[in-house]
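Architecture and fold: a report
These are the residues of each chain, in order.
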Amino acid sequence: MSPVLEVSNIHKAFGGIKAVNGVSFSVKEGEILGIIGPNGCGKSTLFNCILGQLDPTEGTVKLDGKEVTGMRPSDLNRLGVSRTFQLLQVFPELSVRENLILAGQEHEGTMLSRFFGRRDAGLTEKADRMIGFFKLGHLVDAKAGGLSYGQQKLLDAAMAFMAGPRLVLLDEPAGGVNLTMLGDLKERLRAINAEQGATFVVIEHNMDFVMSLCTRVLVLAEGKVLAEGTPAEVRANRQVIEAYLGH
Amino acid sequence: MTAPATEGSLPQQRGRLARVPSLAAFADGILITLMLGAVILWFAPAGMGRYGTYVLSLWLVTSIAVMGLNLTLGYAGLKSLAQAAFMGLGAYATALLTTKVGLNWYTSFALSGLLTFAVGLVLGFPALRVKAHYLAFVTLAFSTLIWLILRNEQWLTGGVFGLSNIPRPSLFGLKLDGALAFHRFVVIVTLILAVALWWMIRSPWGRAFTALRENPIRAASLGIDTRMYTLLAFAIGSAYAGFAGALYAPLVEFIDPSPFSLSQSFFLLLMVVAGGAGYLLGPFIGALLGVVLPEWLRVVGSLYLIIFATIVMLLLIACPQGVSGLLERGWAKLTGKGKIGKTVAGKSVAPNTGGRS
């Protein structure tokens with residue numbers, strides 16, 4: 001089976017600082033790949049290079065075998081690639097439902113039909129189902145800016161799934177989320193992976209979350225791949241223990 | 001209708017493509033206010049005399065230009081200091097096309113809108129590269145350039161002597177030369193343009209403009225073509241200024257470069273902010289403050305500018321979200337809900353107590 005995502009020899013330098021230094025990996029359909037590593041090892045920069053938010057200095061990104069290096073984030077999203085951000089990125093002025101409708105509206109119809117058609121782009125029912133799925137049903141009409149941090153994290157994740165993406169890159173989805181909500185989030189991600197066969201790449205510092213969710217783990221250190229393998233293999237890797245996990 | 005959401009069941013169905021609901025579903029408070037306002041303004045000039053009627057018409061024409069800037073700045077968050085320049089482009093285009101080329105006003109109006117749309121589209125490209133005050137300076141340079149052309153290219157624009165004898169249109173053979181007849185024509189055109197903007201803001205486009213203002217990086221990650229919407233916000237906002245200019249030229253029947261200078265662009269920006277940026281009815285309130293209030297203050301003679309400036313400063317200190325924000329807060333206290341004239345993509349939203357521009 002050809003990989004959904006293929007990242008080859010990605011470099012990204014900011015002046016003299018090499019944030020990402022020759023990273024290569026691939027992700028197969030339905031796989032959940034975790035990326036771990038100490039702060040400043042280049043994880044988020046790598047995500048931004050894959051998702052077109054930054055142009056890599058060198059290297060290529062392929063989606064289903066087709067090169068998409070430097071493609072605009074909006075075009076990538078329409079190809080079925082979605083993401084969440086390390087910091088909260090909901091639209092605080094809009095309600096929970098409006099946030100989800102916004103997350104799906106550009107995937108429906110054309111610019112003209114979006115102008116002349118229904119104001120909810122026909123997405124209210126789907127948005128409400130997604131809200132229910134992420135256990136935010138009691139907050140449908142609440143302004144996103146008024147939700148708790150954990151609820152906003154769930155909303156952020158729900159928005160990433162609104163358009164039914166094939167590949168989702170999650171940047172520290174568990175950061176700042178309490179244990180109960182973390183369990184909810186993991187359960188939801190597993191369900192989407194199982195039912196839709198969606199492929200995930202997850203950056204995370206919460207080792208329990210990564211080790212219990214991911215099927216494979218990539219460890220970065222100083223912009224390079226330090227190790228790669230199953231969660232058990234990575235956990236037992238001496239280099240990884242020394243560089244990141246500790247004793 | 002599908003079953004309600006159940007936790008644990010994954011939503012799979014694609015949203016249906018847009019279809020048109022019943023007319024009754026469209027009516028909301030803002031549309032009703034616009035219709036009611038048009039009816040009142042139709043009859044308002046009674047007993048006002050020629051000058052009073054002119055001031056009312058000027059208020060509406062200015063509101064159209066402010067509506068355009070409200071889209072660009074208030075909804076899409078793009079700072080522009082060129083709205084008066086676009087108004088000048090529309091006014092001169094209409095004046096030249098009706099007086100020199102001999103086209104009727106309607107064709108000139110459409111061409112003026114098209115011209116300013118196209119120029120706005122071009123000016124929108126820098127907005128893809130620079131933001132905030134950097135973008136404001138780009139538009140400031142454009143504004144200065146247009147003003148210099150209007151003043152110096154005498155062979156085309158008449159320079160400081162301007163263009164005169166600009167004809168007023170007729171409607172179904174009915175002459176609109178009189179102040180009252182032309183005022184009523186302005187009411188109709190303003191209503192059409194306001195309803196068109198209302199429609200756009202409550203459509204998914206409006207939601208996308210809001211997303212562009214609040215978080216363009218996240219918006220792009222959700223598939224929103226931020227380049228397209230940025231250019232559209234600039235182009236449509238500029239076209240509204242062009243339409244305003246196309247109405248201004250026959251209203252005053254003589255134009256020169258002074259009403260389209262940089263200071264006028266600042267004044268239009270002030271009207272957006274004072275009326276309430278991002279509120280659909282804000283431009284009417286802002287233009288009322290900018291056009292009609294100075295007229296009322298003329299009784300105090302040369303003090304009027306000082307009083308006007310003080311009123312505006314106090315207003316913005318008391319409520320940075322302008323008069324619309326103030327009204328919204330008052331309404332919220334009265335009803336416990338707070339929904340007055342603010343539409344974010346078709347949904348009235350609770351009052352914003354934050355410090356958004």
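These numbers come from a predicted model, not from an experiment.

Reading the values: rules and limits
Residues numbered from 1 in each chain as written. Chains lettered and ligands numbered in written order. Predicted model: local features only at pLDDT ≥ 70, side-chain atom pairs only at ≥ 80, totals over all residues. Helix = DSSP H or I, 4+ residues; strand = E, 2+ residues; numbered from the N terminus. Buried ≥ 20, exposed ≤ 12 C-beta atoms within 10 Å, placed from the backbone. Contact = placed C-beta atoms within 7 Å. Rg over C-alpha atoms; globule rule 2.2 N^0.38 Å. Pairing = 2+ DSSP bridges. Expected span 1.5 Å × (residues − 1). Axes fitted to C-alpha atoms, helices over the stretch in contact; angles between N-to-C directions. pLDDT = per-residue confidence, 0-100. Core = buried A, V, L, I, M, F, W, Y, C linked by C-beta atoms within 7 Å. Parallel < 35°, antiparallel > 145°, perpendicular 65-115°, else oblique. Nonpolar A, V, L, I, M, F, W, Y, C, P; charged D, E, K, R; others polar.

Of the regular secondary structure elements, chain B holds 14 helices and 4 strands. Taken across its 357 residues, chain B has 49% of its residues classed as buried. The contacts in chain B between residues at least 6 apart in sequence include a share of 74% that link residues at least 24 apart.

Right, let's talk about the overall build of chain A for a bit. Helix and strand counts for chain A stand at 10 helices and 10 strands. For a compact globule of 247 residues, the expected C-alpha radius of gyration is about 18 Å, and chain A comes in at 18 Å, within 12% of that figure. Structurally, chain A occupies a C-alpha span of about 55 × 40 × 40 Å along its principal axes. Counting only residues that meet the buried cut, chain A has 53% of its 247 residues in that class. Look at the contacts in chain A between residues 6 or more apart in sequence, and 65% of them connect residues 24 or more apart.

Further remarks concern the pairing of strand β7 (residues 167-171) of chain A. Residue and element names in this part refer to chain A. Of all 5 residues in β7, 5 are buried, a share of seventy percent or more. Because side chains alternate across β7, one face comprises the buried residues Leu-167, Leu-169 and Asp-171, and the other comprises Val-168 and Leu-170, equally buried. Of the pairings in the sheet, the one linking strand β6 (residues 81-83) to β7 comprises 3 bridges and is parallel in character. Considered in β7, the bridge of Ser-82 is made with Val-168. Relative to strand β8 (residues 199-203), β7 is paired through 5 bridges, and the arrangement is parallel. Within β8, the position partnered with Asp-171 by the bridge is Ile-203.

So, about helix α10 (residues 226-252) of chain B. Quick reminder: α-helices carry 3.6 residues per turn. Residues three or four places apart thus point the same way. All names here are of chain B. Compared with the 39 Å implied by 1.5 Å per residue over 27 residues, the 39 Å span of α10 between its first and last C-alpha is a close match. Most of α10 sits out of view: 23 of its 27 residues are buried. Remark: Glu-253 follows α10 within two positions and exhibits a positive phi of approximately 65°.

Moving on to the sheet that holds β7 of chain A. All names here are of chain A. Strand order in this open sheet of 6 strands is β6-β7-β8-β3-β9-β10, and the pairing throughout is mixed. Looking at the sheet topology across the chains shown, the edges are occupied by β6 and β10 (224-229). Put simply, the sheet's adjacent strands are angled 20° from each other on average, direction ignored.

Once that is clear, we can look at the pairing of β10 of chain A. All names here are of chain A. One ladder, built from 5 bridges, connects strand β9 (residues 216-221) with β10; its direction is antiparallel. Within β10, the position partnered with Leu-218 by the bridge is Glu-228. Hairpin geometry of β9 and β10 is characterised by an intervening segment of 2 residues between the two adjacent antiparallel strands and by a positive phi of about 50° at Glu-222.

So, about the confidence of the model for chain B. Residues and elements named next belong to chain B. Averaged over every residue, the pLDDT of chain B is 86; the share at 70 or more is 87%. When the criterion is pLDDT under 50, residues 1-7 qualifies, and its contacts beyond four places in sequence or with other chains add up to 13 contacts. Throughout residues 343-357 the model reports pLDDT below 50, and contacts reaching past four residues in sequence, or to other chains, amount to 41 contacts. Both confidence scores are given for the complex: pTM 0.87, ipTM 0.90.

Here we take up the environment of Gly-40 of chain A. Its place among the elements puts Gly-40 of chain A in the loop between β3 (32-36) and α1 (43-50). When the C-alpha positions of Gly-40 of chain A and Asp-64 of chain A are compared, they lie 29 Å apart, and in sequence the two are 24 residues distant.

Here we come to the nonpolar core. Core analysis: the largest hydrophobic core is formed by 175 residues, its most contacted members being Leu-100, Ala-158, Val-202 and Val-219 of chain A together with Ile-64, Tyr-240 and Ala-244 of chain B. The leading source of residues in this core is α10 of chain B, at 16 residues. Contact partners of Ala-158 of chain A, with chain neighbours within four places excluded, come to Leu-100, Met-130, Ile-131 and Phe-134 of chain A.

Right, let's talk about the sheet that holds strand β4 (residues 58-63) of chain A for a bit. All names here are of chain A. Taken together, the 4 strands give an open sheet; going across it, the order is β2-β1-β4-β5, and neighbouring strands pair in antiparallel fashion. With partners counted over all chains shown, the strands left at the sheet margins are β2 (17-27) and β5 (66-67), one partner each. As judged from the 2 bridges shared by β4 and β5, these two strands associate in the antiparallel manner. Looking across to β5, one finds that Leu-63 is bridged to Lys-66.

This paragraph deals with unusual backbone geometry. Residues and elements named next belong to chain A. The residue Asp-64 is not glycine, and still its phi comes out positive at about 50°. Here Asp-64 shows up in the loop between β4 and β5. Among the residues examined, Asp-64 registers 15 C-beta atoms within 10 Å and is labelled partly exposed. In this structure, Glu-172 takes a positive phi of about 50° despite not being glycine.

As a further point, take the packing of helix α7 (residues 179-202) of chain B against α10 of chain B. Residues and elements named next belong to chain B. Between α7 and α10, whose axes approach to 11 Å, the crossing angle comes to 175°. The pairing of α7 with α10 is recorded here as roughly antiparallel in orientation. Along its contact with α7, which presents Phe-182, Val-186, Val-189 and Leu-193, the element α10 presents Tyr-240, Phe-243, Leu-247 and Leu-251. Of the residues in the contact of α7 with α10, the class split is 8 nonpolar, no polar and no charged.

All names here are of chain B. Structurally, the position occupied by Trp-59 is in helix α2 (residues 49-75). Taking the number of C-beta atoms within 10 Å as the measure of exposure, Trp-59 has 19 and is therefore partly exposed. In contact with Trp-59, other than residues within four places in its own chain, are Ala-287, Leu-288, Val-291 and Val-292.

This brings us to helix α3 (residues 83-101) of chain B. Residue and element names in this part refer to chain B. The end-to-end C-alpha separation of α3 is 26 Å, in line with the 27 Å expected for 19 residues at 1.5 Å each. The buried fraction of α3 amounts to 15 of the 19 residues, a majority that puts the element mostly inside the structure. Looking at the residues trailing α3, positive phi occurs at Gly-102, about 90°.

To continue, consider the environment of Gly-74 of chain B. Residue and element names in this part refer to chain B. Topologically, Gly-74 is positioned in helix α2. On the neighbour-count criterion, Gly-74 (30 C-beta atoms within 10 Å) is buried. Note: C-alpha distance between Gly-74 and Ala-241 (167 residues apart in sequence) is 15 Å.

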